[in-house]
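Residue-level listing of the chains:
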Amino acid sequence: MNFAGRFVLTTIGCGASCVLTAALDKQTGAVTWLPFTICCWDLAISEPLEFRRDSALLIVHGQRNEEGGAGPHYYRINGGQFEELR
């Protein structure tokens, strides 16, 4: 488990500088997908996602679905869903 105490956060490549992200619940086996792809993060950032084992906070660096600003964007996993924090 590497995210929020009970999830394994994983990414799957979807092209050059593009990833899909899912959280796998180790207790239930449920899979929660981040509802967008992430691309185009700053070259100074080595990974587009920041997260910790003991926190439900997910920081997304890069554009969501190749649109808008490059972040950061803040989310937390709650009840099996990602919620954007504003």
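Structural notes, computed from the coordinates. Because the structure is a prediction, the values reported are computed rather than measured.

Time to look at the pairing of strand β6 (residues 57-60). Inspection of the sheet shows strand β5 (residues 49-50) paired to β6 by two bridges, in the antiparallel sense. The residue bridging Leu49 from the neighbouring strand is Val60, located in β6. Linking two consecutive strands that pair antiparallel, namely β5 and β6, is a turn of six residues. Summarising the sheet, β6 and strand β8 (residues 73-78) pair through four bridges and their orientation is antiparallel. Bridging from a neighbouring strand, Val60 pairs with His73 of β8.

Now for the state of the cysteines. One pass over the structure, following the stated rule, counts one disulfide. Two residues share a disulfide in this structure: Cys14 and Cys18, whose sulfurs sit 2.1 Å from each other. Measuring handedness by torsion sign, the sulfur bridge of Cys14 and Cys18 sits at about -80 degrees and is left-handed. Residue Cys14 is classed as partly exposed on the basis of its relative accessible area, which comes to 32%. For Cys18, a relative accessible area of 8% corresponds to the buried category.

To continue, consider the packing of aromatic side chains. Note on aromatic pairs: each is described by the distance of the centres and the angle between the planes. This model, assessed by the stated rule, comprises four aromatic pairs. Their ring planes at 85 degrees and their centres at 6.0 Å tell us that Phe3 and Phe51 sit as a pair that is edge-to-face. Of this pair, Phe3 sits in the segment before β1 (7-13) while Phe51 sits in the loop between β5 and β6, placing them 48 residues apart in sequence. Three or more aromatic residues link up through ring pairs in this structure, and these residues are Phe3, Phe7, Phe51 and Phe82.

Here is what the cut-offs are and how they apply
- Residues numbered from 1 in each chain as written.
- Predicted model: local features only at pLDDT ≥ 70, side-chain atom pairs only at ≥ 80, totals over all residues.
- Heavy atoms only, no water.
- Pairing = 2+ DSSP bridges.
- Helix = DSSP H or I, 4+ residues; strand = E, 2+ residues; numbered from the N terminus.
- Disulfide = S-S within 2.5 Å.
- Buried < 20%, exposed > 50% of the residue type's maximum accessible area, 1.4 Å probe, protein only.
- Phe/Tyr/Trp six-rings, centres within 6.5 Å; stacked < 30°, edge-to-face > 60°.

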